[in-house]
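# Geometric and topological summary
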Amino acid sequence: MKHSLAALALVALLPLTAHASNADKAVKGMPGDPDKLFAQLDTLLPTPGVTRTASGAPGAQYWQQRADYRIQVTLDEKRHRLSAKQSITYMNRSPDTLNYIWLQLDQNIFRDDSLARRSEVAANAGTRRDTVGSGDSLSFAAMRRHQAFEDREYGYEMGPVRDASGRMLRTTVNDTMMRIDLPTPLRPGTSIEINFEWQSNIVDEAAIGARGGYEYFPKSDTYQYFLAQWFPRLVAYTDYTGWQHKQFLGRGEFTLEFGDYDVEITVPADHIVASTGVLQNPDAVLTAEQRARLKRAETAKKPVFIVTPEEALANEKEGTNRNRTWRFKGENVRDFAWASSRKYIWDAMGYRQNDAKRPFVMAMSFYPNEGEPIWSKYSTHAVIHTMEVYSRFSFPYPYPVAISVNSWERGGMEYPMVTFNGYRPTADEKTGEVTYSRSAKYGLIGVIIHEVGHIYFPMIVNSDERQWTWMDEGLNTFLEYIAELEWEENFPTFGDKTNVLDFITAYMQSTDQVPIMTNSDTIVQFGPNAYSKPAAALAVLREAVMGRELFDHAFREYSNRWKFKRPTPADFFRTMEDASGVDLDWFWRGWFYGTDHVDVAVGDIREYQVSSQDPDAEFPLKRQEFASNWPESYSQRQNRAEGLKTRVDRYPELKDFYNENDQFVVTNKDRNEFKDFRERLRDWERTVLDRAIKAGEYVYFVDFKNIGGLVTPLPLTLTYADGSTEEYPIPAEVWRYNALEVTKLFVRRKRLVSVELDRNHLIADADKSNNITPRRIEQSRIELFRGRDRERNQMLDALAELKGEPKAEKTEGAAGSNNVPLQPVAK
Ligand SMILES: [Zn+2]
């Protein structure tokens, strides 16, 4: 900041001389392309019509298809195999006549000849948990996966597909999709029933990596099965893309139709089954005691065990050859998943919500003893907490049950009413003592909130996951973040960072980025792109752009417009604007269609006070300013210090008028000019001038530089000399003439001592060091280190004893052929 008590020309009279040139430049050259950055999105969005309106709502002729399922499936535990009879009733509610329908055969992704496996690149050829690193490398996990594929065949073994009359229909399998040709075209408003049988091997999830499979517990020689994408499902037929039969490559998830499910699951008689839907035959599969406990759980204040840890432990020790059939019905769901094991502990607790249609939801958790003690403590609470928070931002939870199953080590996966979640404590191999890490605890709570949250997005707000990952993962991660902050302060959602905006800056500065608006299977840096960045964007939108009131209303409007329907990105973008009255096109462009990051630097601050232009008042100030800008010559001062006398000092008769009067001495001509100036002023101008001088107004010009490129609002904190502060949020529209640099004018009665940008970390500004003028010295601690000696002492290494081997063999084994001359013969 410069301190200059300048005799500036009257600001009110000659406004913004510096600005004028800037503005000219902006209009001609459009620095940073503000014309593009602030242009409306119309050219990028699909044209609205009768199915989707320009306001982002479903149109008057919105339609979607419907598919009802009946399935009888048997789990063969010895062979890790499913066999099923399946029937689908497909209703054509589109205005189109269909000559064929498509089924998605997701299990075919595991076939040796699948598009997914053949197109896999080396870097991704591992499993979900342990991928191969960069360069030529091969992990144990990747080799294990290769061997697992060698050992067994996967994919569906499909029987013939028949219609209701038993007539065989012509089918064509294309990788993970199967076309069924209809003998007579399916006209609008009509339906068709198809029936078929199928079998498939269940994958070893730990070896292969999948969204479902089986898990083996070697210590107890037991299994659990969690079945997802386990049956052939109708491909969605939509108004915006026709059949969404983009092949399943692993990343892009599932685009599905709503319908009712009636599923009979036959499993070993000692298994407990957790499933989408409501259990239809509790009397046949549960004991009287279990049913009584379930009843008690409905009104309990904390989770009630339906199967206790002790009972589960006893149960997993036995085994049986008998089978039992559990029957579940799920209404208005887009998918169906289930889990089964003799290992399960089961707890439940009723959740009462303020909704006439669904006042009561049963929250339940299923987990093996390996999950204890954290699962009984946190899981069901996390399920209920999710419904409490998400419902506030969207709509009441519409289903009768909400379930969390402990299906794997880490991570999670969502289905209607049922979620598969990871994280377990660790048992010490020697002592058996059970401990758990901080990341296991918060990972568990976090993943349950995330996956149960998915029951809202996309299981109910049914976005097209095969195309857009961010529409469910991004929105859901945003709400997960909100729910976690409401679970516990400083919840470590994003590593050790509690603020998503601090987490996302590193990604947004990285070079190998694609826009959020990228097809799911082409996204690089998948997690930050599709999860954290959209979550961060929505956090910026809520706290820094729209404010909570406008944002929350618009977000609820989107959720309610599109629940049990199929929104596209345009429907989201349009609804958020439509319901709030905030032009957000610049925001969607920057955050969703671009890869720039946020980094704005606070530049120079120039301070002025308004000049009276009265020479008697101003000239002395000018003299001071001149002296402070142009200090006395160093040589002149040194001369004086050395006692050197100038000629004029030695001959005083050489002095005249100019030795007595500097250029800042006021003349009468100056006074006359001032008088003329005052007289020429219009009355209102004189009033303005006198008032500004009387108030002692300070005038500031503050420069901002957009380094990151993304246009952003500027939440400022102005600090004054008296120690007080003022929050001053500048909207992003400040960049609409020049997106690279702007100067902002402040007129204040108090003297400003600093301007700070984004003190509260609201806009994901990547470089905080340039966010304050005057600059701060950054303070931290430095640790001394010792330089490492990397030299290998082969002679010393050869002397090392071989662990657990007799001495004679040891020297050869340890030394190896290169070491022969150095073999230690004596000690
Ligand atoms: Zn997710």
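Here we summarise the structure given alongside this text.

Before going further, it helps to examine the overall build of the protein. Looking only at helices and strands, the protein has 24 helices and 34 strands in total. For 827 residues, the compact-globule estimate of 2.2 N^0.38 gives 28 Å, and the protein exceeds it by more than 25% at 36 Å. Projected onto its principal axes, the C-alpha positions of the protein cover 125 × 95 × 50 Å. Of all 827 residues assigned to the protein, the portion counted as buried reaches 50%. Within the protein, residue pairs in contact and separated by at least 24 positions form 74% of the contacts whose partners lie at least 6 positions apart. Put simply, the protein shows about 40,500 Å² of open surface, and 50% of that area lies on carbon and sulfur atoms.

This part covers the coordination of the zinc ion. Angles at a metal have ideal values that depend on geometry: 109.5 degrees with four tetrahedral donors, 90 or 180 degrees with six octahedral donors. Of the protein atoms, only His450 (NE2), His454 (NE2), Glu473 (OE) and Glu473 (OE) coordinate the zinc ion, at distances of 1.9 to 2.6 Å. One can describe the site at the zinc ion as irregular: its four donor atoms subtend angles covering 55 to 155° at the metal. Spacing between the donor residues of the zinc ion along their common chain follows H-x3-H-x18-E. One end of the pair, His454, is in helix α10 (residues 438–454); the other, Glu473, is in helix α11 (residues 470–487), and 19 residues separate them in sequence. Owing to a relative accessible area of 0%, His454 belongs among the buried residues under this scheme. Residue Glu473 is classed as buried on the basis of its relative accessible area of 2%.

Looking now at the packing of helix α12 (residues 500–509) against helix α13 (residues 526–546). Axes are the key here: two packed helices are described by the angle between their axes and the distance separating the axes. At their nearest, the axes of α12 and α13 sit 9 Å apart, and the two run at 130° to each other. Viewed along their axes, α12 and α13 adopt a mutual orientation that is oblique. Between α12 and α13 the crossing geometry is left-handed. Across from Val500, Leu501, Phe503, Ile504, Tyr507 and Met508 in α12, the residues of α13 making contact are Pro528, Asn529, Ser532, Lys533, Ala535, Ala536, Ala539 and Val540. When the residues that make up the contact of α12 with α13 are grouped by side-chain class, the tally is eleven nonpolar, two polar and one charged.

Further remarks concern the layout of surface pockets. Estimated volume of the second largest pocket: approximately 1,100 Å³. For the second largest pocket, the lining is made up of 35 residues, of which Glu215, Phe217, Glu370, Arg424 and Pro425 are closest to its centre. Where the lining of the second largest pocket is concerned, the elements lending two or more residues are α4 (140–151), α5 (205–208), β10 (213–217), α8 (309–317) and β26 (426–427). The biggest single contributor to the lining of the second largest pocket is β10, with four residues. Considered class by class, the residues forming the lining of the second largest pocket number 14 nonpolar, five polar and 16 charged.

Taking 1.5 Å of rise per residue, 13 residues should cover 18 Å, and helix α21 (residues 668–680) covers 18 Å from first to last C-alpha, within 8% of that figure. Close packing links the buried residues of α21 with α17 (615–629) and α22 (683–695).

Next up on the list: unusual backbone geometry. The omega torsion across Phe457 and Pro458 is 15°, close enough to zero to call that bond cis. Position of Pro458 relative to the elements: it lies in the loop between α10 and α11. In the segment running from Thr773 into Pro774, the intervening peptide bond is cis, with an omega of -5°. Structurally, Pro774 is set in the loop between β34 (772–773) and α23 (794–798). The backbone of Asn490 shows a phi angle near 60°, a positive value even though the residue is not glycine. Topologically, Asn490 is positioned in the loop between α11 and α12. At Gln525, a residue that is not glycine, the phi angle is positive and equals roughly 55°. Along the chain, Gln525 turns up in the loop between α12 and α13. For Gln525, a relative accessible area of 29% corresponds to the partly exposed category.

Below, the discussion takes up the nonpolar core. Of all hydrophobic cores here, the largest spans 197 residues; its most connected members are Trp230, Trp338, Phe572 and Trp591. Beyond its immediate chain neighbours, meaning those up to four positions away, Trp230 contacts Ile71, Val73, Leu82, Gln107, Tyr156, Trp198, Val263, Phe336, Ala337 and Trp338. Within the second largest apolar cluster, nine residues are counted, among which are Val610, Phe674, Val699 and Phe701.

Counted under the stated rule, the structure contains 50 salt bridges. Of the charged contacts, one joins Asp703 and Arg606 as a salt bridge, the two residues approaching to 2.8 Å between their closest N and O atoms. In this pair, Asp703 sits in strand β29 (residues 698–706) while Arg606 sits in strand β28 (residues 600–609), placing the two residues 97 residues apart along the sequence. Within this structure, Arg542, Glu543, Arg548 and Asp552 form a network of salt bridges that share partners.

Quick look at the sheet that holds strand β31 (residues 725–730) now. Strand order in the open sheet formed by four strands is β31-β30-β33-β34, with antiparallel pairing between adjacent strands. Strands with a single pairing partner mark the edges of an open sheet, and in this sheet they are β31 and β34. Summarising the sheet, strand β30 (residues 714–720) and strand β33 (residues 752–757) pair through five bridges and their orientation is antiparallel. Bridging from a neighbouring strand, Leu718 pairs with Val755 of β33.

In this section: the side chain of Gln224. You can see Gln224 is positioned in strand β11 (residues 222–227). Among the polar contacts made by the side chain of Gln224, one reaches the main-chain carbonyl oxygen of Ser407 at a distance of 3.3 Å. Not counting residues within four places of it along the chain, the set of residues in contact with Gln224 comprises Gly213, Tyr214, Glu215, Phe217, Ser340, Ser341, Tyr344, Val405, Asn406, Ser407, Trp408 and Arg424.

For the rest of this paragraph, the subject is the sheet that holds strand β7 (residues 171–174). With antiparallel pairing, four strands are arranged side by side in an open sheet as β7-β8-β4-β12. Both outer strands of the open sheet, β7 and β12 (233–234), are each paired with one neighbouring strand and no more. With four bridges joining them, β7 and strand β8 (residues 177–186) adopt antiparallel strand pairing. Within β8, the position partnered with Thr172 by the bridge is Arg179.

Attention now goes to the packing of aromatic side chains. Inspection of every chain in the model, using the stated rule, returns 65 aromatic pairs. Taking NZ or CZ as reference, Arg251 lies 4.0 Å from the ring centre of Phe526, over its face.

Structurally, the start of helix α18 (residues 634–641) carries an N-cap: the backbone nitrogen of Ser635 is 3.2 Å from a side-chain oxygen of Ser633. After α18 finishes, the residue Gly643 shows a positive phi value of roughly 85°.

What follows covers the environment of Lys357. Among the structural elements, Lys357 can be located in the loop between β21 (345–352) and β22 (360–367). With 41 residues separating them along the chain, Lys357 and Pro398 place their C-alpha atoms 8.0 Å apart.

Thresholds, definitions, all that
- Residues numbered from 1 in each chain as written.
- Predicted model: local features only at pLDDT ≥ 70, side-chain atom pairs only at ≥ 80, totals over all residues.
- Heavy atoms only, no water.
- Helix = DSSP H or I, 4+ residues; strand = E, 2+ residues; numbered from the N terminus.
- Rg over C-alpha atoms; globule rule 2.2 N^0.38 Å.
- Buried < 20%, exposed > 50% of the residue type's maximum accessible area, 1.4 Å probe, protein only.
- Contact = heavy atoms within 4.5 Å.
- Areas by Shrake-Rupley, 256 points an atom, 1.4 Å probe, with all protein chains shown as cover.
- Donors = N, O, S within 2.8 Å, 3.2 Å for Na, K, Ca; no water.
- Tetrahedral: all angles 85-135°; square planar, octahedral: opposite > 155°, others 65-115°.
- Axes fitted to C-alpha atoms, helices over the stretch in contact; angles between N-to-C directions.
- Parallel < 35°, antiparallel > 145°, perpendicular 65-115°, else oblique.
- Left-handed = near helix turned anticlockwise from the far one by under 90°.
- Nonpolar A, V, L, I, M, F, W, Y, C, P; charged D, E, K, R; others polar.
- 1 Å grid on protein atoms, 1.4 Å probe; cavity = no way out; pocket = protein on both sides within 12 Å on 5 of 7 lines; lining within 4 Å.
- Points joined across faces, edges and corners; volume = space filled by probe spheres on them.
- Expected span 1.5 Å × (residues − 1).
- Core = buried A, V, L, I, M, F, W, Y, C linked by side-chain atoms within 4.5 Å.
- Salt bridge = Lys/Arg side-chain N within 4 Å of Asp/Glu carboxyl O.
- Pairing = 2+ DSSP bridges.
- Polar contact = N/O pair within 3.5 Å; in protein donor to acceptor, adjacent residues only side chain to side chain.
- Phe/Tyr/Trp six-rings, centres within 6.5 Å; stacked < 30°, edge-to-face > 60°.
- Lys NZ or Arg CZ within 6 Å of the ring centre and 35° of its normal.

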